[in-house]
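As a plain string of letters, each chain reads:
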Amino acid sequence: MFDDISNVLLLSDMDGTLLNSRKQISDTDRAAIEKFMALGGKFTVATGRTIQSFQSYLAMLDLKMPVIMYNGAALYDYGRGELLFTMPLPSEARAITREILTAMPQVGGEVLKADGTYVFRNNDYEALHTKLCGVEPYYTELDSVPEGGWLKVLFAMAPEDIPQIEIIVRQKGYSSVSFVKSSDIFYEMLPLGVTKGSALAEYRRLSGMEGFTFVSVGDFDNDIEMLREADLGAAPANAEDSVKEAADIVLNNSCETGAVAELIDYIIERCK
């Protein structure tokens, strides 16, 4: 599996894995990534971010490989400026969103499409999200968000509201979409069956990726399927317990102390 480092692709989650609490890549991790790529290894990320919101990180990472975006609903190649794969939400996503907003009027949210972010209800948590992502969204009513190409819907709320939205979704029994908790204040609607893991499976089918060994690392619920789909899945020390249980290895370091660098050292050692 680790015979040739040039046939190893490392996929890292961003927040809580590659990025520390200050939303920065540590010098330790940056140096390890540069060493890994200099030896021939391939590195990229898997993120819930959009094409636009990821732009600010391109200067930090010299990525040659496509990126998993929208928590698995798209694969994007920044080098070619091209979407390689998308799985949009079904048309009933608008009606489902409306039902959730009616049941939970305190919740904010946005629709994410390839051409930008559409905020349909703003609150403090939604405003925090757009600020963190560094994007200038379109502010509009839900019914005015353009039809088609919805890659995900993000709901933003207080941490104590997450259990309520989970109960509502479970009671409604929506069968045409999936839901995932992506942070303590964000809950997302995705196309049915779409995860970072399903996107990794699509990655394997890309031309030129035949015979590659896929390694992934992540810390939160929305990373679990990616860890399971990879040939080797790792969790940083700060990961949720459910993620550690799904991982093949649990790293000694956290996102604050060089978890990605530790994983890269492990890969290099395995590759000799």
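Note that this is a predicted model, so its numbers are computed, not measured.

Chemist: Mind showing me how you'd approach the packing of helix H2 (residues 93–103) against helix H4 (residues 162–172) here?
Modeler: Packed helices, taken two at a time, are described by the angle their axes make and the gap between the axes. Axis separation between H2 and H4 bottoms out at 11 Å; the angle between their running directions is 130°. Accordingly, the angle class assigned to the pair H2 and H4 is oblique. Crossing hand, H2 versus H4: right-handed. Between H2 and H4, the contacting residues are Glu 99, Ile 100 and Ala 103 on the first element and Gln 164, Ile 165, Ile 168, Val 169 and Lys 172 on the second. Considered class by class, the residues forming the contact of H2 with H4 number five nonpolar, one polar and two charged.

Chemist: Is there a simple way to explain the pattern of salt bridges in this structure?
Modeler: A side chain with one charge can pair with a side chain of the opposite charge if their charged atoms come near. Counted under the stated rule, the structure contains 15 salt bridges. For Asp 15, the salt bridge goes to Arg 49, with nearest N and O atoms at 2.8 Å. Within this pair, whereas Asp 15 is found in the loop between strand E1 (8–13) and helix H1 (27–38), its partner Arg 49 is found in the loop between strand E2 (42–46) and strand E3 (67–69), the two being separated by 34 residues in sequence. For Arg 49, a relative accessible area of 9% translates into the label buried. The shortest N-O distance in the salt bridge between Lys 152 and Glu 188 comes to 3.0 Å. In this pair, Lys 152 sits in strand E9 (residues 150–156) while Glu 188 sits in strand E11 (residues 186–191), placing the two residues 36 residues apart along the sequence. In this structure, Lys 152 and Glu 188 share a single accessibility class: buried. Taken together, the salt bridges that share partners define one network made up of Asp 13, Lys 196 and Asp 223.

Chemist: Is there a simple way to explain unusual backbone geometry in this structure?
Modeler: Backbone geometry follows two general trends: most residues other than glycine have a negative phi, and most peptide bonds adopt the trans configuration. One non-glycine residue with positive phi stands out, namely Tyr 70, at about 55°. Turning to its location among the elements, Tyr 70 is positioned in the loop between E3 and strand E4 (74–77). Of the residues examined, Tyr 70 reaches a relative accessible area of 0% and is grouped as buried. Unusually for a residue other than glycine, Asn 71 sits at a positive phi of about 55°. Inspection of the secondary structure puts Asn 71 in the loop between E3 and E4.

Chemist: Is there a simple way to explain the packing of aromatic side chains in this structure?
Modeler: To describe a pair of aromatic rings, one takes the distance between the centres and the angle between the planes. For the coordinates displayed, the defined rule picks out seven aromatic pairs. For the pair Tyr 203 and Phe 214, a centre-to-centre distance of 5.9 Å together with 70° between the ring planes defines the contact as edge-to-face. Taken together, the residues Tyr 203 in helix H5 (residues 196–204) and Phe 214 in strand E12 (residues 213–217) connect sequence positions 11 residues apart. Here the two residues Tyr 203 and Phe 214 agree in accessibility, since each one is buried.

Chemist: What is the right way to look at the pairing of E4 in this model?
Modeler: Residues in a regular strand project their side chains so that they alternate between the two faces of the sheet. Every second residue of E4 is oriented toward a common face, with Ala 74 and Tyr 76 on one face and Leu 75 and Asp 77 on the other, all of them buried. In this structure, E3 lies alongside E4, joined through three bridges in antiparallel fashion. From the neighbouring strand, Met 69 faces E4, where its bridge partner is Ala 74. Bridging between E4 and strand E5 (residues 82–86) involves four bridges; their strand directions are antiparallel.

Chemist: Looking at this structure, how should I read the side chain of Ser 53?
Modeler: Inspection of the secondary structure assignment puts Ser 53 in the loop between E2 and E3. Exposure remark for Ser 53: the relative accessible area of 2% places this residue in the buried category. For Ser 53, the contacting residues outside a window of four places in its chain are Cys 133 and Val 135.

Chemist: Is there a simple way to think about the side chain of Lys 113 in this case?
Modeler: Relative to the helices and strands, Lys 113 resides in strand E6 (residues 108–113). Buried charge Lys 113 goes without a salt bridge, the closest partner of opposite sign being Asp 115 at 4.8 Å. A distance of 2.4 Å separates the side chain of Lys 113 from the backbone oxygen of Gly 148, its partner in a polar contact. When residues no more than four places from it in sequence are discounted, the contact partners of Lys 113 are Gln 52, Tyr 70, Tyr 118, Val 145, Pro 146, Glu 147, Gly 148, Gly 149, Trp 150 and Leu 151.

Chemist: Is there a simple way to think about the sheet that holds E11 in this case?
Modeler: Picture the strands of a sheet paired through backbone hydrogen bonds; they go either parallel or antiparallel. Across the sheet, which stays open at both edges, the six strands sit in the order E8-E7-E6-E9-E11-E10 with mixed pairing between neighbours. Lying at the two open borders of the sheet, with one neighbouring strand each, are strand E8 (138–139) and strand E10 (177–181). Here E10 runs beside E11; their pairing, made up of five bridges, is antiparallel. The residue of E11 that forms the bridge with Ser 178 is Leu 190. Along the sheet, H2 makes contact with strand E7 (116–121), E9, E10 and E11, crossing E9 at roughly 5°. Here helix H3 (residues 124–133) sits on the sheet and contacts E6, E7, E8, E9 and E11; the angle it forms with E6, its principal contact strand, is near 35°.

Conventions adopted
- Residues numbered from 1 in each chain as written.
- Predicted model: local features only at pLDDT ≥ 70, side-chain atom pairs only at ≥ 80, totals over all residues.
- Heavy atoms only, no water.
- Axes fitted to C-alpha atoms, helices over the stretch in contact; angles between N-to-C directions.
- Helix = DSSP H or I, 4+ residues; strand = E, 2+ residues; numbered from the N terminus.
- Parallel < 35°, antiparallel > 145°, perpendicular 65-115°, else oblique.
- Left-handed = near helix turned anticlockwise from the far one by under 90°.
- Contact = heavy atoms within 4.5 Å.
- Nonpolar A, V, L, I, M, F, W, Y, C, P; charged D, E, K, R; others polar.
- Salt bridge = Lys/Arg side-chain N within 4 Å of Asp/Glu carboxyl O.
- Buried < 20%, exposed > 50% of the residue type's maximum accessible area, 1.4 Å probe, protein only.
- Phe/Tyr/Trp six-rings, centres within 6.5 Å; stacked < 30°, edge-to-face > 60°.
- Pairing = 2+ DSSP bridges.
- Lys, Arg positive; Asp, Glu negative; His and termini not counted.
- Polar contact = N/O pair within 3.5 Å; in protein donor to acceptor, adjacent residues only side chain to side chain.

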